[in-house]
Amino acid sequence: MQSTFRTLLLGAAFCAAGSASAASIEVRVQGVTAKGKVLVAVCDKTTFLKDCAYSGSAPAKAGETIVTVDGVPTGSWAVLSYQDENDNGKLDRNVLGIPKEPYAFSRDARGRFGPPSFEDAAFEVRDEKAVTTIKLR
């Protein structure tokens, strides 16, 4: 009896772990010009400012460009976005490493002498769809 109960308990735990919900994040990127494309990366704390697991892009539309990133698990995430104006696939920087193309982080996070911290940019994703607005600068 105890063995059966333990098996059922383990099975229930496995099913619960396997059914973690995934969400779509709709990123409304404002301050866009009609050049190139807008890229978005969704990062957790361990991948922030590195190789983010979720990303998306859309052709730049003057004013606001919406990029949707699907399949993001619920939890704490930060969004990074930039407009690749010359469509070369990277964020262009000057000799000091300062971005030459418009960029922004979720929650309008800004760093003093570099990028913001994950905690300043992070927000919780709980539903099947989350919406965040970012203003490029």
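Refer to the structure presented above.
Heads up: these notes are all about the structure in this document. (Residues numbered from 1 in each chain as written. Predicted model: local features only at pLDDT ≥ 70, side-chain atom pairs only at ≥ 80, totals over all residues. Heavy atoms only, no water.)

**Quick look at the environment of Gly-31**
Which entries qualify depends on this criterion: Runs of H or I in DSSP of at least four residues are treated as helices and runs of E of at least two as strands, each being numbered from the N terminus. Exposure classes here rest on a 1.4 Å probe applied to the protein chains alone. A residue is buried below 20% of its type maximum, exposed above 50%, and partly exposed in between. By definition in these notes, contact holds between two residues if any of their heavy atoms fall within 4.5 Å.
One can find Gly-31 in strand S1 (residues 22-32). In this structure Gly-31 comes out as partly exposed when scored by relative accessible area, which is 38%. Expressed as a C-alpha distance, the spacing of Gly-31 and Thr-65, which sit 34 residues apart in the sequence, is 8.7 Å. The contacts of Gly-31, once residues within four sequence positions are left out, are Gly-63, Gln-83, Lys-135 and Leu-136.

**Structural notes on the side chain of Thr-65**
We apply this condition: Polar contacts, as used here, are pairs of N or O atoms within 3.5 Å; protein pairs need one atom able to donate a hydrogen and one able to accept it. Residues neighboring in sequence count only if both atoms are side-chain atoms.
Inspection of the secondary structure assignment puts Thr-65 in strand S4 (residues 63-73). Side-chain polar atoms of Thr-65 contact the backbone nitrogen of Lys-61, separated by 2.9 Å. Other than its neighbours up to four places away in sequence, Thr-65 contacts Val-27, Arg-28, Val-29, Val-32, Val-38, Ala-58, Pro-59 and Ala-60.

**Focus on the pairing of S1**
Selection rule: When DSSP finds two or more bridges between two strands, those strands count as paired.
As paired elements, S1 and S4 share nine bridges and run antiparallel to each other. Looking across to S4, one finds that Ala-22 is bridged to Pro-73.

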